[in-house]
Amino acid sequence: MATTTQPIGLMGAAADPRPFTVPDFQAVKVRGERLTVLTAYDYTMARLFDAAGVDCLLVGDSLGMVVQGLETPLSVTVDEMIYHARLVTRGARRCLVVVDMPFMSYQVSPQQAVENAGRIIKETGAHAVKLEGGVRTVPAIEAILSADIPVMGHVGLTPQSVNRLGGFRVQRDEEAILEDALALEKAGVFAVVIECVPSEVARKITAALKVPTIGIGAGPGCDGQVLVAHDMLGLFDEIKPRFVKQYAELGDLILRAAADYCRDVRQGTFPGPEHGFR
Ligand code: KIV
């Protein structure tokens, strides 16, 4: 396809260089259009996604799994999130950057929540934070919002609750998930991620909320979609969730490129005379 072969800078961002803002989320829902969100953890990837025209980059605590090699996101720290968020904001010219608040950075008290959210925004230049959980998370969200820090909510499968949930499983309690989503909207979040719930449940929640819903494993009825970049690019093969559409096989490409490099160096075909200085 012609668009995928254009160089960086000639794609989405150049076509519409205005920064994508928190109010734009609502405007997109009102217009009946769809929001695009991808996770990003570093400068290079953020720059590419920004140039491709992605609306919002999520510095997800999924980095615990796909960058750090952990089994769950539970041990990711605020300092680690700040480190990665800094790299992402450096590469994002247009995208809205949202940063996950990691496990135990907001659960202790509303004061702890607003202090950590404040650090994340001040030290990274990101625009908003995301917290997992519904009704129980409302006091933390209200405290953060009182400091004028926009908050994205997250219901359904909340990976930080993996030990209580007994694994990364589809969540089916429609009443509880809807109650959580409505509580988040009432508290003032600007969008709600709905993760791993039956498509019909996500569709009903999307119809019930005025703020946009961003689905992942939640079917086609949400106002937008988020995917973990490493999953959609084929970079991470340890878990392959059914809901992921893989848009590239970068893992295979990298493997082949590195193997070719090793072969050339061992055979003495790289570096050649053209790679040296006179
Ligand atoms: O951590 C993350 O990447 C997320 C998305 C999967 C929504 O929370």
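Data block above holds the structure.
These numbers come from a predicted model, not from an experiment.

Reading guide: rules and limits
Residues numbered from 1 in each chain as written. Predicted model: local features only at pLDDT ≥ 70, side-chain atom pairs only at ≥ 80, totals over all residues. Heavy atoms only, no water. Salt bridge = Lys/Arg side-chain N within 4 Å of Asp/Glu carboxyl O. Helix = DSSP H or I, 4+ residues; strand = E, 2+ residues; numbered from the N terminus. Axes fitted to C-alpha atoms, helices over the stretch in contact; angles between N-to-C directions. Parallel < 35°, antiparallel > 145°, perpendicular 65-115°, else oblique. Left-handed = near helix turned anticlockwise from the far one by under 90°. Contact = heavy atoms within 4.5 Å. Near = heavy atom within 4 Å. Polar contact = N/O pair within 3.5 Å; in protein donor to acceptor, adjacent residues only side chain to side chain. Nonpolar A, V, L, I, M, F, W, Y, C, P; charged D, E, K, R; others polar. Patch = residues over 30% accessible without salt bridge, like charges linked within 9 Å, V, L, I, M, F, W, Y side chains within 5 Å. Areas by Shrake-Rupley, 256 points an atom, 1.4 Å probe, with all protein chains shown as cover. Buried < 20%, exposed > 50% of the residue type's maximum accessible area, 1.4 Å probe, protein only. Arc of directions from axis to C-beta.

## A short note on the pattern of salt bridges
- Tallying each qualifying case throughout the model produces 11 salt bridges.
- The salt bridge partner of R119 is D79, with a shortest N-O separation of 2.7 Å. Linking R119 in helix α6 (residues 110-124) with D79 in helix α5 (residues 78-91), this pair joins segments that are 40 residues apart in sequence.
- Residues participating in the shared-partner salt-bridge network are D79, R86, R119 and E123.

## A short note on the packing of helix α9 (residues 174-187) against helix α10 (residues 199-208)
- Where α9 contacts α10, the two axes come as close as 10 Å, and the packing angle between them is 30 degrees. Considering the angle they form, α9 stands roughly parallel to α10. For the pair α9 and α10, the sense of crossing is right-handed. Packed against α9, whose contacting residues are E174, I177, L178, A181, L182 and E185, the element α10 presents V201, K204, I205 and A208 at the interface.

## Regarding the site of the ligand
- For the ligand, the full set of nearby residues is T39, L58, G60, D61, S62, D100, K130, H154, V193, I216, V226 and V228.
- Between the ligand and D61 there is a distance of 3.1 Å, counted from an oxygen atom to a side-chain nitrogen or oxygen.
- Taking D100, its side chain carries an N or O atom lying 3.0 Å from an oxygen atom of the ligand.
- The residue makeup of the shell around the ligand, split by class, is five nonpolar, four polar and three charged.

## Some thoughts on the side chain of D100
- With respect to the helices, strands and loops of the structure, D100 is situated in strand β3 (residues 96-100).
- One polar contact links D100 to K130, side chain to side chain, over a distance of 2.7 Å.

## Notes on a nonpolar patch on the surface
- On the surface, F103, M104 and V108 cluster together into a nonpolar patch covering about 270 Å² of accessible area.
- In this fold, M104 is placed in the loop between β3 and α6.
- With relative accessibility at 41%, the residue M104 sits in the partly exposed group.

## As for helix α2 (residues 22-30)
- Among the residues making up α2, those that are buried are D24, F25, V28 and K29. Taken end-on, α2 shows its buried residues confined to a sector of 140 degrees, consistent with a single buried face. Facing away from the buried side of α2, by more than 90 degrees, are the exposed residues P23 and V30.
- One or two residues past the end of α2 sits G32, with phi positive at roughly 75 degrees.

Bear in mind that shape data such as this cannot, by itself, settle questions of function.
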